[in-house]
Amino acid sequence: QVQLVESGGGLVQTGGSLRLSCTASGRSLGPFAVGWFRQAPGKEGVVVGALSWNGSHKYYADSVKGRFTISKDNTNNTMYLEMNSLKPEDTALYYCAERRDPSRARGRGYYDYWGKGTQVTVSA
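What you see is a predicted model; the values in this text were computed from it and never measured.

Sorry if this is basic, but what is going on with the pairing of strand β7 (residues 68–73) here?
Remember that side chains alternate between the two faces of the sheet whenever the strand is regular. Taking every second residue as pointing to the same face, the buried face of β7 carries F68, I70 and K72, while none of T69, S71 and D73 on the other face is buried. As defined by bridge partners, β7 adjoins strand β8 (residues 78–83) across six bridges and the pair is classed as antiparallel. Within β8, the residue paired with S71 across the bridge is Y80. Hairpin connection of β7 to β8: four residues between the antiparallel strands, including N77 at a positive phi of 55°.

Quick question: what am I supposed to make of the side chain of R38 here?
Position of R38 among the secondary structure elements: in strand β4 (residues 34–39). Among the residues examined, R38 registers a relative accessible area of 11% and is labelled buried. Of note is the side chain of R38, whose polar atom sits 3.4 Å from the side chain of S63. Looking at R38, its side chain comes within polar contact range of the side chain of Y94, at 2.9 Å.

Please explain the packing of aromatic side chains as it appears in this structure.
The geometry of two aromatic rings is summed up by the distance between their centres and the angle between their planes. Going through the model one piece at a time under the given rule, you end up with three aromatic pairs. Note on F37 and W114: the rings are 4.9 Å apart at their centroids and 55° apart in plane angle, and the pair reads as tilted. Of this pair, F37 sits in strand β4 while W114 sits in strand β10 (residues 113–114), and the two are 77 residues apart along the sequence. It is R108 that lies over the ring of F37; its NZ or CZ is 5.9 Å from the centre. Taking the ring centre of W114 as reference, the NZ or CZ of R108 above it sits at 4.5 Å.

I tried to follow the nonpolar core on my own but got confused; where do I start?
Nonpolar side chains tend toward joint burial in soluble globular proteins. Ranked by internal contacts, the top residues of the largest apolar core, which has 27 residues, are W36, F68, L81, M83 and Y94. Secondary-structure elements contributing two or more residues to this core are β3 (18–25), β4, β5 (46–51), β7, β8, β9 (92–98) and β11 (118–123). The element that contributes the greatest number of residues to this core is β3, accounting for four residues. Once you skip the residues sitting within four places of it in the chain, F68 turns out to touch R38, V48, Y60, L81, E82, M83, N84, L86, D90 and Y94. Core analysis: the next-biggest nonpolar cluster, separate from the first, contains eight residues, V47, Y95, A105 and Y111 among them.

Explanation requested: the sheet that holds β3 in the structure shown.
Sheet strands associate in pairs through backbone hydrogen bonding, adopting either a parallel or an antiparallel arrangement. If you walk across this open sheet you meet the four strands as β1-β3-β8-β7, and the pairing is antiparallel. Whereas interior strands pair on both sides, the edge strands pair on one side only; in this sheet they are β1 (3–7) and β7. In this sheet, adjacent strand axes meet at a mean angle of 15° when their direction is disregarded.

The rules we used
Residues numbered from 1 in each chain as written. Predicted model: local features only at pLDDT ≥ 70, side-chain atom pairs only at ≥ 80, totals over all residues. Heavy atoms only, no water. Buried < 20%, exposed > 50% of the residue type's maximum accessible area, 1.4 Å probe, protein only. Helix = DSSP H or I, 4+ residues; strand = E, 2+ residues; numbered from the N terminus. Pairing = 2+ DSSP bridges. Polar contact = N/O pair within 3.5 Å; in protein donor to acceptor, adjacent residues only side chain to side chain. Phe/Tyr/Trp six-rings, centres within 6.5 Å; stacked < 30°, edge-to-face > 60°. Lys NZ or Arg CZ within 6 Å of the ring centre and 35° of its normal. Core = buried A, V, L, I, M, F, W, Y, C linked by side-chain atoms within 4.5 Å. Contact = heavy atoms within 4.5 Å. Axes fitted to C-alpha atoms, helices over the stretch in contact; angles between N-to-C directions.

Structure representation (structure tokens):
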């Protein structure tokens, strides 16, 4: 059974930084693509970033491009989301996800395993 557990969320001021981590158990992340999603109150979950199995192909939502960086460490079976220059509109519950496929993908339906989320709150 694959489990994904996020950590690193919290309260930060506008302009601050956070690093989210997501550790997988039950299976290696190595051969598979991963992604980060977020869901703000009253809104649908949307992709923030997606990464192919070897990190060679990345996707970022326009709203975070240039500020967020997605990565994975296959040795530690962990994926990361580095978030800089945070804005109040980045406030959301952030989820990590893993595909049973090596290619990155944007849509929620392409992912097979999900974490429960970690809350990020950016104060004005």
